Amino acid sequence: MIGAFVFLYGLVVGSFLNVCIHRLPRHESVVKPRSRCPQCSQPIAAYDNIPLVSYLLLRGRCRHCQARISPLYFFVELATGLLALFLYSVFGLTGSFAKAATLGAALLVLTVTDWRERLLPDRVTFPGMALGLVFSQIIPVEDGMGLFLTRLFGLDAIPVRLDSLFDSLLGALLGAGLLYLLGEAYFRLRGREGMGFGDVKMMAMVGFFLGPKLALLTIFLGATTGSVLGLLFIAASGKSSAYELPFGSFLGVAAMVAAVWGRTILQWYLGYFG
Ligand SMILES: [Zn+2]
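1. Some words on the overall build of the chain
- Looking only at helices and strands, one finds 10 helices and zero strands in the chain.
- For the chain, the α and β elements follow one another from N to C terminus as α-α-α-α-α-α-α-α-α-α.
- In terms of C-alpha radius of gyration, the chain reaches 20 Å, essentially the compact-globule figure of 19 Å for 274 residues.
- Each of the 274 residues in the chain was classed as buried or not, and the buried ones make up 37%.
- Excluding contacts between residues fewer than 6 apart, the proportion of contacts in the chain whose partners are at least 24 apart in sequence is 73%.

The following block contains the structure:
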């Protein structure tokens with residue numbers, strides 16, 4: 001029963017994420033004006049704006065001018081609903097759920113926007129960084145690196161919140177720093193930009209939420225799947241190797257995997273080699 005509410009809530013959030021995905025790259029407000037048909041500019045009535053249902057009833061067309069509406073609206077709503085339901089099944093109705101769902105919403109917008117427009121808007125990454133820092137004071141990051149470093153400096157016991165603050169800051173610093181270095185190395189080797197500064201800011205956001213270990217895992221997962229799938233895509237589609245990959249999209253999916261299964265993956269990895 002709660003699951004159904006979480007799913008419906010996810011659909012409504014997904015509806016808003018659609019607005020972000022379509023308006024942020026054009027530097028438009030996400031609050032005003034009300035949604036309009038991009039073809040005939042007729043305002044979309046509330047009863048035609050019901051997540052999933054309206055798209056199906058109108059068969060993906062505008063009620064007034066019959067212009068096609070992108071199926072992306074439908075899929076983003078569905079994906080957000082399913083993601084909310086999935087995170088609820090993992091975390092229950094807890095603070096960890098709120099944290100993962102907030103990160104998930106930001107990542108979904110970034111993943112789709114980078115895929116469509118090769119853009120990672122500051123209006124997502126900057127508020128995302130702030131939210132990650134705020135969440136570190138509510139739900140401990142529990143990375144262990146902050147604690148390790150403070151012990152190194154001879155401090156034995158530090159408050160949980162301070163420890164979590166260190167983890168969050170270290171995550172942003174290491175995540176963004178490593179990605180910046182990778183970008184530089186790629187640029188020196190290939191003589192062209194492989195990733196933009198948007199990816200660096202996105203990784204700062206992920207680091208604030210997840211801490212240094214999971215931020216590094218995110219980069220590892222994103223870079224490996226990105227290069228393998230990217231090469232396969234370039235080979236299959238016959239596009240030139242200068243084709244610009246949506247690296248932020250790979251990072252987005254990787255960060256979500258790290259947020260949910262990251263600790264398990266690291267434990268398995270450390271158990272395997274330790
Ligand atoms: Zn229309």
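From this point, the narrative continues.
2. What to know about the packing of helix 4 (residues 95-117) against helix 5 (residues 122-136)
- Packing of helix 4 against helix 5 leaves a shortest axis separation of 11 Å and a crossing angle of 165 degrees. Between helix 4 and helix 5, the angle falls in the class roughly antiparallel. The way helix 4 lies across helix 5 gives a crossing that is left-handed. Contacts between helix 4 and helix 5 involve Lys99, Thr102, Ala106, Val109 and Leu110 from the former and Val124, Gly128, Leu131 and Phe135 from the latter.
- A breakdown of the residues in the contact of helix 4 with helix 5 according to their chemical character gives six nonpolar, two polar and one charged.

3. What about the packing of helix 1 (residues 2-23) against helix 4?
- Packing of helix 1 against helix 4 leaves a shortest axis separation of 10 Å and a crossing angle of 40 degrees. Relative to helix 4, the element helix 1 lies oblique. Handedness of the helix 1/helix 4 crossing: right-handed. Taking contact as the criterion, the partners of Val13, Leu17, Cys20 and Ile21 in helix 1 are, on helix 4, Ala105, Leu108, Val109, Val112 and Thr113.
- In terms of residue class, the contact of helix 1 with helix 4 is made up of eight nonpolar, one polar and no charged.

4. Some remarks on the domain arrangement of the chain
- According to the domain assignment, the chain consists of domain 1 (1-91) and domain 2 (94-274).
- Listed by partner, the interface residues are 15 residues for domain 1 and 17 residues for domain 2.
- No other element matches the nine residues that helix 3 (residues 71-91) contributes to the side of domain 1 that touches domain 2.
- Residue composition of the side of domain 1 that touches domain 2, by class: 14 nonpolar, one polar and no charged.

5. A few points about helix 8 (residues 197-210)
- With 14 residues, helix 8 extends 20 Å between its outermost C-alpha atoms, agreeing within 8% with the 20 Å of an ideal straight helix rising 1.5 Å per residue.
- Of all 14 residues in helix 8, 13 are buried; the element is thus mostly enclosed.
- A positive backbone phi angle near 85 degrees is found at Gly211, which sits one or two residues after helix 8.

6. Topic: unusual backbone geometry
- Going from Lys32 to Pro33, the amide bond is cis rather than trans, its omega being -10 degrees.
- By secondary structure assignment, the location of Pro33 is in the loop between helix 1 and helix 2 (53-57).
- Within the chain, Ser41 stands out as a residue other than glycine whose phi angle is a positive 65 degrees.
- As for its placement among the helices and strands, Ser41 is situated in the loop between helix 1 and helix 2.
- Judged by C-beta crowding, with 9 C-beta atoms within 10 Å, Ser41 ranks as exposed.

7. Brief notes about the environment of Gly191
- Relative to the elements of secondary structure, Gly191 occurs in the loop between helix 7 (160-190) and helix 8.
- What makes Gly191 exposed here is the crowd of 7 C-beta atoms within 10 Å.
- Taking the C-alpha atoms as reference points, Gly191 and Phe233, 42 residues apart in sequence, are found 22 Å from one another.

About the criteria used
Throughout, a residue's number is its position along its own chain's written sequence, starting from 1. Residue-level local features of this predicted model are given only where pLDDT is at least 70; pairs of side-chain atoms are given and counted only at 80 or more, and the full residue set underlies all totals for whole chains, interfaces and linings. The helix count covers DSSP runs of H or I at least four residues long, the strand count covers runs of E at least two residues long, and both are numbered beginning at the N terminus. The size measure is the radius of gyration over C-alpha atoms, and the globule rule it meets is 2.2 Å times the number of residues to the 0.38 power. Remark: C-beta atoms are placed from the backbone, and a residue is labelled buried if 20 or more other C-beta atoms sit within 10 Å of its own, exposed if 12 or fewer do, or partly exposed between those counts. What counts as a contact is two residues whose backbone-derived C-beta atoms lie within 7 Å of each other. Axis geometry follows a simple rule: fit a line to the C-alpha atoms, using only the stretch in contact for helices, then measure angles between N-to-C directions, giving values from 0 to 180 degrees. Here is the rule for angles: anything less than 35 degrees is roughly parallel, anything more than 145 is roughly antiparallel, 65 through 115 is roughly perpendicular, and the remaining ranges are oblique. Handedness of each helix crossing follows the sense of rotation of the near helix against the far helix: counterclockwise by less than a right angle gives left-handed, clockwise gives right-handed. For this classification, the nonpolar set comprises Ala, Val, Leu, Ile, Met, Phe, Trp, Tyr, Cys and Pro, the charged set comprises Asp, Glu, Lys and Arg, and every other residue, Gly included, is treated as polar. Residue ranges assigned to the domains are those given by an automatic or database domain assignment. Multiplying 1.5 Å by the helix residue count minus one yields the expected span of that helix.

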